[in-house]
Amino acid sequence: MVDLATRPSGPVPAPAVPGPRSGRSVRLLGRVGGPGLVVTYLSLLVVLPVAALLSHALSGGLGAFWHAVSQPEAVAALKLTLWCSLAVAAFNAVAGLVIAWVLVRDDFRGKGVVNAVIDLPFALPTVVAGLTLLTLYGPDSPFHVDVANTPVGILLALAFVTLPFSVRSVQPVLAELDRETEEAAASLGATPAAVLRRVILPGLAPAMLAGAGLAFARALGEFGSVVLISGNIPFKTEVASSWIYSLSQSDDLSGAAAISVVLVATALVVLVGIGFLRRRFDISEAA
Amino acid sequence: MPHLSHATVSRKTRVATVAALLGASLAAAVAMPSVAGAAGGTVNLVAYSTPKPAYAALITAFEATPAGQGVTFAQSYGASGSQATSVVDGLPADVVNFSLAPDMQKLVKAGLVSSRWDDTPTKGMVTDSIVTFIVRKGNPKHITNWASLVKSGVRVITPNPFSSGSAKWNIMAAYGAELAQGKSKAEARNYVKELLAHTTSQPTSASNALEEFLSGEGDVLIDYEDDALYAQRKGEPISIVTPPNTILIQNPIAVTTSPSDPTAAKAFEAFLLSTAGQKIWAEQGYRPVLANVASQFRFATPKKIFTIASLGGWTKVDSTFFTPGTGTVATIEQSLGVSTAGG
């Protein structure tokens, strides 16, 4: 500690920006430093770890990689994870829209509280969430709803942890949506369903897609909230993240990395695909 | 530098202890010579998760002995396999205590523990236990032995042996119990298959399994006796059924090759293996490894307790049964998965 303070440090750069010229320097940061900073930050945080993961996954060669991802238990876990994540992303896209709609368009007592509650799934440690879900919707359920050890339990846990993505990506766009267009459409004789389909949904679709993409990606890798309620039975309710955990515990780290690479690649493909779709929506809207 | 801070604050107040713990955990990344002086110093204890409450009692008792005066502890608990991997990856560790020997072998392979770690009077073990059954209070499903676990309608929980290294004890207990009854290896394998077909949940860890069982899941939880006794002491509504044939669980301990404070680390290990230390272990539900202490406590007495050595030892068992994808258990899970998917 003391060392640090007394150690002769290297040349200290003079304060880079004299006050009056700060406006220009901000522009400079945007033009040159900005992208550089962003790339560095992203590299350290995202690109490097993913690259390390990839090299780890391929450390045993392509054959070992293929062996790891084609094992029956891995395939079963990946399939289950994929369809559960897709289902939850689709379901929450609709549920998120409804919730966002109520929060933006309706006024009611306690709206602030409801608005805050939406983010709780992010705040709760996922293992705690899993345990809570198991208590509420497991064999001792006070509502007599027992979905433990079934794919329904997995869907429930995933729906819980991904809800904030679905609501929060739609909410601000919905708030900005031009209500005059809706009113105009209605006054010209459009039915409410037509207004929803022709006017509201096209404006919201990019945001809904973005939310669904985030929810999907999150669901793919979700572990803590799922493992308790899923029962973790191989070939039935074992999700990919749990299989990865098993491999890592069984000292098969490159196998674990290989399955992770499949998850990351799947998420990447879906997110990029959604990016394309969104652009198409934006263009068709502008046209 | 954190070294300095903890040398000056050791003993005295609790606050200081906490500070030292924090400092020590930072410090141990740097190899450093031991602190001069009779007592004091820091021990980085890395252990599997179940003995955490036992260590609270053991550390308090150790600090009251001359050798333990002023010794501060940095403790880390977690799944046995993860803990071993963390130590190999650089988690500071002076005294390590795992659930099963293969985790110690990971450290031997990495040169962090002497290959002669099991060359001690207790064969490198600090505690014993057995695999036992936890059932609902009053045993409503009339569970008495391994055969009753595979009766129709009985729902069994045992952690997934691939994610919870310590759950391997459960599988080997089931397998060995069949052999002990004169069954063939094929019949024993078949029993394991039936047992796994009766599992409604295979949690990732023993502690998750207990959580699930206590939240109402399943009829029987296969667990370690010490964990079962701990749950009972806490007043959970459970009964313990000791199967007539079961395996002896043996938990290894070692001091690493270059501990941050060899005197303190060795003194602590010696205390854990002393009569006084073993008594505390026994009070916490672990079977002592010292015969003279074991005789003072009354533990359940199954008809037969067999060892992992009688099944060929961990190295062989691990590769035959628990290799992901190809081991016996992996093959069984696969055949169960395929049969249910088809049916």
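Values in this document were obtained by computation on a predicted structure and should not be read as measured data.

Draft legend 1. Spatial organisation of the overall build of chain B. Tallying secondary structure elements over chain B gives 15 helices and 11 strands in all. Counting across all 343 residues of chain B, residues that qualify as buried make up 56%. Long-range pairs, those at least 24 residues apart, make up 74% of the contacts in chain B with a sequence separation of at least 6. Of the accessible surface of chain B, which amounts to about 13,900 Å², a share of 57% is contributed by carbon and sulfur atoms.

Draft legend 2. Focus on the overall build of chain A. If you tally the helices and strands in chain A, you get 13 helices and 0 strands. Helices (α) and strands (β) of chain A occur, in sequence order from the N terminus, as α-α-α-α-α-α-α-α-α-α-α-α-α. Considering chain A as a whole, with its 287 residues, one finds that 37% of them fall into the buried category. Looking at chain A alone, contacts between residues at least 24 apart form 74% of all its contacts between residues at least 6 apart.

Draft legend 3. Here's a closer look at the nonpolar core. All names here are of chain B. Counting 56 residues, the largest nonpolar core has Val96, Trp146, Leu149, Met172 and Ile247 as its most contacted members. The greatest single-element share of this core, amounting to 7 residues, is contributed by helix H7 (residues 168-180). Once residues within four sequence positions are removed from consideration, Val96 is found in contact with Val46, Val87, Met104, Leu107, Val113, Pro252, Ile253, Ala254 and Thr256.

Draft legend 4. The arrangement of the side chain of Glu212(B) in detail. Take Glu212(B): it is sitting in helix H9 (residues 206-214). Buried and unpaired, Glu212(B) has no salt bridge, with Arg136(B) as the nearest side chain of opposite charge at 9.2 Å. Filtering out sequence-adjacent residues up to four positions away, Glu212(B) remains in contact with Leu134(A), Val227(A), Leu228(A), Ile157(B), Ser201(B), Pro203(B) and Glu217(B).

Draft legend 5. Just unusual backbone geometry, in detail. Residues and elements named next belong to chain A. If you check the backbone angles, His144 has positive phi at about 60° while not being a glycine. One can find His144 in the loop between helix H7 (126-137) and helix H8 (151-176). The class of His144 is exposed, set by a relative accessible area of 73%. Positive phi, normally seen in glycine, also occurs at Asp251, with a value near 70°. Among the structural elements, Asp251 can be located in the loop between helix H12 (240-249) and helix H13 (253-286).

Draft legend 6. The pattern of salt bridges, seen in detail. Applying the stated criterion to the full structure yields 11 salt bridges over all chains. A salt bridge links Arg105(A) to Glu182(A), with the shortest nitrogen-to-oxygen separation between them at 2.9 Å. Within this pair, whereas Arg105(A) is found in helix H4 (residues 72-105), its partner Glu182(A) is found in helix H9 (residues 179-187), the two being separated by 77 residues in sequence. Across the pair, exposure class does not vary: Arg105(A) and Glu182(A) are buried alike. Measuring nitrogen to oxygen at the nearest pair gives 3.6 Å for the salt bridge that ties Lys111(A) to Asp107(A). A residue is classified by how much of its surface remains accessible, and Asp107(A), at 73% relative accessible area, is exposed. Counted as one network, the salt bridges with shared partners bring together Lys141(B), Arg155(B) and Asp219(B).

Draft legend 7. Examining the interface of chain B and chain A more closely. Opposite the 26 residues of chain B that make contact, chain A presents 27 residues. Counting across the interface, chain B meets chain A through 0 salt bridges. Connecting chain B to chain A are 7 residue pairs in polar contact (both at pLDDT 80 or more). Elements represented by at least two residues in the side of chain B that touches chain A include exactly helix H4 (80-88), strand S6 (199-201), H9 and helix H15 (328-342) of chain B. It is H15(B) that contributes the most residues to the side of chain B that touches chain A, 4 residues altogether.

Draft legend 8. Main features of the packing of H4(B) against helix H5 (residues 101-109) of chain B. Residues and elements named next belong to chain B. The interhelical angle for the contact between H4 and H5, taken along N-to-C directions, is 10°, at an axis separation of 9 Å. Taken together, the axis directions place H4 and H5 in an arrangement best described as roughly parallel. Between H4 and H5, the contacting residues are Ser80, Gly81, Ala84, Thr85, Val87 and Val88 on the first element and Asp103, Lys106 and Leu107 on the second. Looking at side-chain class alone, the contact of H4 with H5 contains 4 nonpolar, 3 polar and 2 charged residues.

Draft legend 9. Up close: the environment of Leu58(B). Residue and element names in this part refer to chain B. Here Leu58 lies in helix H3 (residues 52-63). Classification of Leu58 as buried rests on a relative accessible area of 0%. With residues up to four places along the chain from it excluded, the contact list for Leu58 reads Phe271, Leu272, Gly277, Ile280 and Trp281.

Draft legend 10. View of the packing of H7(B) against helix H14 (residues 314-321) of chain B. Residues and elements named next belong to chain B. For the pair H7 and H14, interaxial distance at closest approach is 12 Å and the crossing angle is 90°. Of the possible angle classes, the one that applies to H7 and H14 is roughly perpendicular. Mapping the contact onto sequence places Lys168, Trp169, Met172 and Tyr175 in H7 and Trp314, Val317, Asp318 and Phe321 in H14. Within the contact of H7 with H14, the residues separate by chemical class into 6 nonpolar, no polar and 2 charged.

Draft legend 11. Seen up close, the packing of aromatic side chains. All chains considered together, the criterion is met by 16 aromatic pairs over all chains. Ring plane angle 40° and centroid distance 6.1 Å describe the contact between Tyr55(B) and Tyr77(B), whose orientation is recorded as tilted. Here Tyr55(B) is found in helix H3, whereas its partner Tyr77(B) is found in strand S2 (residues 72-78), with 22 residues between them in sequence. Residues Trp281(B) and Tyr286(B) carry aromatic rings whose centres are separated by 5.0 Å and whose planes lie at 75° to one another, so their mutual orientation is edge-to-face. For the pair Trp281(B) and Tyr286(B), a shared accessibility class is recorded, and that class is buried. Counting every residue linked through ring pairs, the aromatic cluster contains Tyr55(B), Phe62(B), Phe73(B), Tyr77(B), Phe268(B), Phe271(B), Trp281(B) and Tyr286(B). Here Arg105(A) stacks its cationic end above the ring of Trp101(A), 4.6 Å away from the centre of that ring. Against the face of Phe213(B) rests Arg136(B), its NZ or CZ located 3.7 Å from the ring centre.

Draft legend 12. Quick look at the confidence of the model for chain A. All names here are of chain A. Looking at chain A as a whole, the pLDDT averages 86, with 87% of positions reaching at least 70. Across chain A, element-level confidence peaks in H4 with a mean pLDDT of 95 and bottoms out in helix H1 (residues 2-6) with 40. Confidence over residues 1-21 falls short of pLDDT 50; this stretch has 3 contacts with residues more than four positions distant or in other chains.

Draft legend 13. Quick peek at the confidence of the model for chain B. All names here are of chain B. Confidence in the prediction of chain B, expressed as mean pLDDT, is 87, and 87% of residues score 70 or more. Least confident of the elements in chain B is helix H1 (residues 2-9), whose mean pLDDT is 38; most confident is strand S3 (residues 95-97), at 98. Within the model, pLDDT remains below 50 along residues 1-38, and this stretch shows 38 contacts once partners closer than five positions in the same chain are excluded. At the level of chain-chain contacts, confidence expressed as ipTM amounts to 0.72, with global pTM at 0.79.

Rules used in this analysis
Residues numbered from 1 in each chain as written. Chains lettered and ligands numbered in written order. Predicted model: local features only at pLDDT ≥ 70, side-chain atom pairs only at ≥ 80, totals over all residues. Heavy atoms only, no water. Helix = DSSP H or I, 4+ residues; strand = E, 2+ residues; numbered from the N terminus. Buried < 20%, exposed > 50% of the residue type's maximum accessible area, 1.4 Å probe, protein only. Contact = heavy atoms within 4.5 Å. Areas by Shrake-Rupley, 256 points an atom, 1.4 Å probe, with all protein chains shown as cover. Core = buried A, V, L, I, M, F, W, Y, C linked by side-chain atoms within 4.5 Å. Lys, Arg positive; Asp, Glu negative; His and termini not counted. Salt bridge = Lys/Arg side-chain N within 4 Å of Asp/Glu carboxyl O. Polar contact = N/O pair within 3.5 Å; in protein donor to acceptor, adjacent residues only side chain to side chain. Axes fitted to C-alpha atoms, helices over the stretch in contact; angles between N-to-C directions. Parallel < 35°, antiparallel > 145°, perpendicular 65-115°, else oblique. Nonpolar A, V, L, I, M, F, W, Y, C, P; charged D, E, K, R; others polar. Phe/Tyr/Trp six-rings, centres within 6.5 Å; stacked < 30°, edge-to-face > 60°. Lys NZ or Arg CZ within 6 Å of the ring centre and 35° of its normal. pLDDT = per-residue confidence, 0-100.

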